[in-house]
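The lines below spell out each chain.
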Amino acid sequence: MTPRAADRARYDRATAHLDAPVAVVDLEAFDANADDLVRRAGGKPIRVASKSVRCRGLLERVLARDGFAGVMSFTLDESLWLARAGFDDVLLAYPSADRAGFAELSGDAKLAGAVTVMVDDTAQLDLIDRARDGGAEEVRVCLELDTALRLLGGRVRIGARRSPLRAPAQVAELARSVARRPGFRLVGLMAYEGHVAGVGDAIAGRPVRSRAVRLMQAAARRELAARRAAVVAAVRAVVPDLEFVNGGGTGSVQHTAAEDAVTEIAAGSGLYVPRLFDDYTSFTGRPAALFAQPVVRRPGLGVVTVLGGGYPASGAAGADRLPVPYLPEGLRYDPREGAGEVQTPLLGSPADDLLIGDKVWFRHAKAGELCERFDALHLIEGDRVTATVPTYRGEGLTFL
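The structure reproduced in this document is the subject of the present report. (Residues numbered from 1 in each chain as written. Predicted model: local features only at pLDDT ≥ 70, side-chain atom pairs only at ≥ 80, totals over all residues. Heavy atoms only, no water.)

**Some points on the pattern of salt bridges**
Thinking step 1. Per the counting criterion, the structure on display carries 35 salt bridges.
Thinking step 2. Among the salt bridges present, the one from Arg-166 reaches Asp-146, with a minimum N-O distance of 3.0 Å. Residue Arg-166 is located in the loop between strand 8 (156-158) and helix 8 (168-179), and its partner Asp-146 is located in the loop between strand 6 (139-144) and strand 7 (149-151); the two are separated by 20 residues in the primary sequence. Just as Arg-166 is buried, Asp-146 falls in that class too.
Thinking step 3. Three or more residues are tied together by salt bridges with common partners; here these are Asp-146, Arg-150, Arg-157, Arg-166, Glu-223 and Arg-227. (Salt bridge = Lys/Arg side-chain N within 4 Å of Asp/Glu carboxyl O. Helix = DSSP H or I, 4+ residues; strand = E, 2+ residues; numbered from the N terminus. Buried < 20%, exposed > 50% of the residue type's maximum accessible area, 1.4 Å probe, protein only.)

Structure follows, in structure tokens:
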């Protein structure tokens, strides 16, 4: 029996009492992935990206482990909810225009002490001030640095379009604006190198492209390491007691951790290891989060149909955004139908061994987004479900 076949047997036994659709997290794999992230971070703390987990119980589980400290959230509403629930170090990774949220934040000492908001423009500070509604608490602020690699005099850009702040002088000027503005305190700097941390460099069947990605990422790491160090030095000249410099992501943990200027690493997807993280040379994780759909039809030889399953991930549309049929091994989509909203035909010889009611296990393309489809995660240890925990959706929350 192959390791994947053994996992399928375990998951089927563990969930035999549960009807599909169902989502699970293999705790042995989850914990092993957490240990590997800590090893790669080389002693620097890992801030957990909540968008890649979206389950309060599992956020609490990983933060109880040595090597993890703090949450990186994705909306202000989520940040406030986490702070009210007892999470005392929440970094909002994206600017917000949530006026009601800013009024609540600036009017509550506990929330203001626990949540740090993201800023890359003085207009965002203006919005917060207008939203205060009498709230006088000091708002903790983090500045974000643009990490994109620019080539050919800036005519070619590789990297996400995020912050407009790029040069040390630009970031230092905004740091001075925050420092001299009443009601704000600059505490951190963040730089997320998504083109390094979130792009696979060992694409199956694409050796030339893989080589090109590796060359690009090596150049990007060199350029960003030098620029990030200069930016941090410029900001510390304005705010010597800066609390943290956050960088990285699952795919670049060990590279970012090697930079002296960085004090903490962000990661989250590496806990679940979705299918987009199969194409990396920098690390190998264990798939921990899966979902199962039930076989409901057998249209013919070598074909079964499962209920639903059309759960595409965000990003530029493409086949790599679809969940992948994972267990049993050897199933594939019908190219004319793909993953469907209400049914999904699957082709391949393993289909002939599947019966009506059997489970087909899938891996989502991206971490976290799976939890927007399920209200609970069943936690598996060995061949048993030992706990069931609600996702954000299961707690009645949809932040985005």
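**A closer look at the sheet that holds strand 5 (residues 115-119)**
Thinking step 1. Pairing within the closed barrel is parallel, and its eight strands lie in the order 2-3-4-5-6-9-10-11. Each strand axis lies, on average, 30° off the axis of its neighbour in the sheet, ignoring direction.
Thinking step 2. The pairing of strand 2 (residues 46-49) with strand 3 (residues 68-73) spans three bridges and is parallel. Following the sheet pairing, Ala-49 is matched in strand 3 by Met-72.
Thinking step 3. The sheet strands contacting helix 3 (residues 56-63) are strand 2 and strand 3, and the helix crosses strand 3 at an angle near 150°.
Thinking step 4. Relative to the sheet, helix 4 (residues 76-84) contacts strand 3, strand 4 (90-92) and strand 5, its axis offset from that of strand 5 by approximately 165°. (Pairing = 2+ DSSP bridges. Axes fitted to C-alpha atoms, helices over the stretch in contact; angles between N-to-C directions. Contact = heavy atoms within 4.5 Å.)

**Digging into a nonpolar patch on the surface**
Thinking step 1. Together, Leu-151, Leu-152 and Val-156 make up a nonpolar patch on the protein surface, roughly 240 Å² of accessible area in all.
Thinking step 2. You can see Leu-152 is positioned in the loop between strand 7 and strand 8.
Thinking step 3. Taking the relative accessible area as the measure of exposure, Leu-152 reaches 56% and is therefore exposed. (Patch = residues over 30% accessible without salt bridge, like charges linked within 9 Å, V, L, I, M, F, W, Y side chains within 5 Å. Areas by Shrake-Rupley, 256 points an atom, 1.4 Å probe, with all protein chains shown as cover.)

**Re the packing of helix 8 against helix 10 (residues 207-238)**
Working note: a packed helix pair is described by the angle between its axes plus the distance between those axes.
Thinking step 1. For the pair helix 8 and helix 10, the least separation of the axes is 9 Å and the interaxial angle reads 25°. Considering their axes alone, helix 8 and helix 10 lie roughly parallel with respect to each other. Of the two elements, helix 8 crosses helix 10, and the hand of that crossing is right-handed. Seen from helix 8, the contacting residues are Pro-168, Val-171, Ala-172, Ala-175, Arg-176 and Ala-179; seen from helix 10, they are Ala-230, Val-231, Ala-234, Val-235 and Val-238. (Parallel < 35°, antiparallel > 145°, perpendicular 65-115°, else oblique. Left-handed = near helix turned anticlockwise from the far one by under 90°.)

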